[in-house]
Amino acid sequence: MEDAVNRAVVNQDSLFIAGGTNLVDRLKVFLDEPSELIDISRLQMQQISPMADGGIHLGALVTNTAVADHDQIRRNYPLLARAILSGASQQIRNMATVGGNLLQRTRCPYYYDTVFPCNKRQPGTGCPAITGINRGHAILGASEQCVAVHPSDMCVALAALDAVVEVASPQGQRRIPLVDFYRLPENTPQKDTNLEPGELITGIILPPLSFAKSGVYLKLRDRTSYAFALVSVAAAVDLAGEQIKDARLAMGGVAHKPWRATAAEEFLIGKPADIATFTQAAEIALQGAQPLAHNGYKIELVKRAIRRSLTVSAQGGGVV
Ligand code: SF4
């Protein structure tokens, strides 16, 4: 691992490659043109390990399939298993790694079509999505520079679960809460994360969360497989009788990063677990949403997804 991070610091025009399920696509169309690829696929980061506090550590090179199939994940963090299984195809999940899933880039069609300008691809050239076809784009946290959304399902569940990203550099290791790992586009849409040059993701920590067992993941998309989310919701509710003791709520397909709805979570605490409460929570979660010409439907769609997800979680969880 030391060799890999040292090499990446020496050559900041290099990229790490593991499963390559998004990176190879980008290389094929010259979106990324690194002078060097650093193959990390055989580093010892392939373990799923229980932690002393009851949480779980996922090595960065664990495949998406291995996470979704893991007994303890399925039992204690079912929303994570369901989020992963709702994404891509079995073949891709067999190759894709946890670390790579975190670093996949937006699927904004203008970003991939080099005929168009794109601030994320080439800063300062413009964002054709703002005035173009923007049905799949952001309704929260966008900027005048970029309205792209983050594509991962797994990361929406990780955001709801308070996951922490472990990274290594020649200076040592550091931990970044997943919600702070990602950036909003602001004036630097070319940067998706707060990783420093040369830093390598080594793992993800899932803290213990007893009520994650009732957590659900709901993904809404144009077709039922092999499609990115139009919107998605990861939700978990902890009840004391009919009253909500605690809650976790995150949304996908709505912003440049997995969007944790903390104001809605705070609102839920102490309220009765009923549809009126969940409806109000959904309103709070979408406060400040700013639709573009073609994506206004996302606001109502994600509100309904929140109501349904919270309702199913309050009933004990399961398939939404
Ligand atoms: Fe590029 Fe972002 Fe605009 Fe898409 S939304 S064209 S990624 S700048």
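Structure's up top.
Now for a quick tour of the structure. (Residues numbered from 1 in each chain as written. Predicted model: local features only at pLDDT ≥ 70, side-chain atom pairs only at ≥ 80, totals over all residues. Heavy atoms only, no water.)

## Topic: the pattern of salt bridges
Reasoning step 1: All chains considered together, the criterion is met by 17 salt bridges.
Reasoning step 2: In this structure, Arg175 engages Glu166 in a salt bridge whose closest nitrogen and oxygen atoms are separated by 3.6 Å.
Reasoning step 3: Arg304 is the salt-bridge partner of Glu300, the closest N and O atoms lying 2.9 Å from each other. With Glu300 and Arg304 both in helix 13 (residues 297-314) and four residues apart, this pair spans about one turn of that helix.
Reasoning step 4: Connected through salt bridges with shared partners, the residues Asp162, Asp246, Arg248, Arg260 and Glu265 form a single ionic network. (Salt bridge = Lys/Arg side-chain N within 4 Å of Asp/Glu carboxyl O. Helix = DSSP H or I, 4+ residues; strand = E, 2+ residues; numbered from the N terminus.)

## Here we look at the sheet that holds strand 3 (residues 48-50)
Reasoning step 1: Reading across the sheet, the five strands line up as 3-4-7-5-6 and stay open at both edges, with antiparallel pairing between neighbours. The open sheet has two edge strands with one neighbour each: strand 3 and strand 6 (172-177). Each adjacent strand pair in this sheet contributes to an overall mean axis angle of 25 degrees, direction not counted. (Pairing = 2+ DSSP bridges. Axes fitted to C-alpha atoms, helices over the stretch in contact; angles between N-to-C directions.)

## With respect to the pairing of strand 2 (residues 36-39)
Reasoning step 1: Of the pairings in the sheet, the one linking strand 1 (residues 14-17) to strand 2 comprises four bridges and is parallel in character. Residue Phe16 lies in a different strand from strand 2, and its bridge partner there is Ile38.
Reasoning step 2: Crossover strand 1 to strand 2 through helix 2 (residues 23-28) is right-handed. (Right-handed = clockwise from strand over helix to strand, strands pointing away.)

## Some points on the packing of aromatic side chains
Reasoning step 1: Under the counting rule described, the total for this entry stands at three aromatic pairs.
Reasoning step 2: Taking the centre distance of 4.9 Å and the plane angle of 85 degrees together, the rings of Tyr110 and Phe116 count as edge-to-face.
Reasoning step 3: For Phe116, a relative accessible area of 32% puts it in the partly exposed group.
Reasoning step 4: Ring geometry for Phe181 and Tyr182: centres 5.0 Å apart, planes at 90 degrees, overall edge-to-face.
Reasoning step 5: Taking the relative accessible area as the measure of exposure, Phe181 reaches 0% and is therefore buried.
Reasoning step 6: A residue is classified by how much of its surface remains accessible, and Tyr182, at 2% relative accessible area, is buried.
Reasoning step 7: Sitting above the plane of the Phe267 ring, Lys271 keeps its charged end 4.2 Å from the centroid. (Phe/Tyr/Trp six-rings, centres within 6.5 Å; stacked < 30°, edge-to-face > 60°. Buried < 20%, exposed > 50% of the residue type's maximum accessible area, 1.4 Å probe, protein only. Lys NZ or Arg CZ within 6 Å of the ring centre and 35° of its normal.)

## Concerning the layout of surface pockets
Reasoning step 1: For the second largest pocket, the calculated volume is near 510 Å³.
Reasoning step 2: Lining the second largest pocket are 31 residues, with Arg107, Gly136, Phe228, Ala229 and Leu230 sitting closest to its centre.
Reasoning step 3: When residues of the lining of the second largest pocket are traced back to their parent elements, those giving at least two are helix 8 (109-112) and strand 10 (243-252).
Reasoning step 4: Grouping the constituent residues of the lining of the second largest pocket by class yields 16 nonpolar, eight polar and seven charged. (1 Å grid on protein atoms, 1.4 Å probe; cavity = no way out; pocket = protein on both sides within 12 Å on 5 of 7 lines; lining within 4 Å. Points joined across faces, edges and corners; volume = space filled by probe spheres on them. Nonpolar A, V, L, I, M, F, W, Y, C, P; charged D, E, K, R; others polar.)

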